[in-house]
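Residues per chain, in single letters:
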Amino acid sequence: MTSKLTLVIANKCHSSWSMRPWLLLTHFKIPFEEVLIPFGPTFDDPQWKAKVAPYNPAGKVPALVDGEIRAWESIAIMEHVADAFPDLAIWPRDQAARTLARSIASEMHSGFSALRSACPCNLGQRHPPRDRGPAVAADVARITQIWNDARLRFGKATGNPFLFGDFCAADAMFAPVATRFRTYSIEIDPASRAYVDAIYDLPAFQSWREAALKETWIVPEDETGEPVLEDYRP
């Protein structure tokens, strides 16, 4: 029996890594205490890192506290949650699906740097479409290939809208990418758009976004200076 969890996160409007385990815990109705430490003026601000250090010695979010256990990095947090709550389908039950889910979640964790750099997470804005270069286009093509392959092999037959049918850790890992496609008006195929819609319709995501749009903090590194079609923040 696990103790009550504490999840340490940063701004909901900007912290894509915080979003991932928060969505997972919330969707599966796992009780946890939220500790939100707003970003400093930069992501490397020493004072901000010092506030996070008691939860994660690396001075980064997210971090999970479970009694004497500390977990950080989204993948490690999700694996701890899967171990702590084996009755919940944090990962797909089918072995082939579970292996693919872990593989693509790990690819998301370590990859797609061009998209992440050119299109920082910002739930508070929507930008007009534009050409963002071949590296970003290659990332978008690979992500949508991953989504369509998982849906075709495991998700579609279930009648449910997520990668493996029901929402799982792999969906939590890709949720912030789905928001980038909307924020930056990136054109994707109809099946991928339907998956983005499913993320936005997820009650856990709606709760996260509602809170994000009430935040007044601005992270200069995540303000691109591009034209803005819509600004949802107060």
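Residues numbered from 1 in each chain as written. Predicted model: local features only at pLDDT ≥ 70, side-chain atom pairs only at ≥ 80, totals over all residues. Heavy atoms only, no water.

1. A closer look at the nonpolar core
Core analysis: the largest hydrophobic core is formed by 67 residues, its most contacted members being Trp147, Phe164, Phe174 and Phe181. Secondary-structure elements contributing two or more residues to this core are strand E1 (5-9), helix H1 (16-27), helix H3 (74-84), helix H4 (95-110), helix H6 (134-155), helix H7 (169-183), helix H8 (190-201) and helix H9 (203-212). It is H7 that contributes the most residues to this core, nine residues altogether. Leave out the neighbours within four places in its chain, and phenylalanine 181 touches Leu115, Val140, Ile143, Thr144, Trp147, Ile186, Ile188 and Val196. With 10 residues, the next largest nonpolar core counts Val35, Phe39, Trp48 and Val219 among its residues. (Core = buried A, V, L, I, M, F, W, Y, C linked by side-chain atoms within 4.5 Å. Buried < 20%, exposed > 50% of the residue type's maximum accessible area, 1.4 Å probe, protein only. Helix = DSSP H or I, 4+ residues; strand = E, 2+ residues; numbered from the N terminus. Contact = heavy atoms within 4.5 Å.)

2. Digging into the environment of phenylalanine 43
With respect to the helices and strands, phenylalanine 43 occurs in the loop between strand E2 (32-36) and helix H2 (46-52). The class for phenylalanine 43 is partly exposed, based on a relative accessible area of 25%. What phenylalanine 43 contacts, discounting residues up to four positions off in sequence, is Trp48, Lys49, Val219, Glu221 and Asp222.

3. Description of the sheet that holds strand E3 (residues 63-66)
Here we have four strands laid out as an open sheet, ordered E2-E1-E3-E4, and mixed in their pairing. Unpaired on one side and paired on the other, E2 and strand E4 (69-72) mark the two borders of the sheet. Shown here is a sheet whose adjacent strand axes are inclined to one another by a mean of 20°, direction ignored. Summarising the sheet, E1 and E3 pair through four bridges and their orientation is antiparallel. Its bridge partner being in E3, threonine 6 is matched across the sheet by valine 65. (Pairing = 2+ DSSP bridges. Axes fitted to C-alpha atoms, helices over the stretch in contact; angles between N-to-C directions.)

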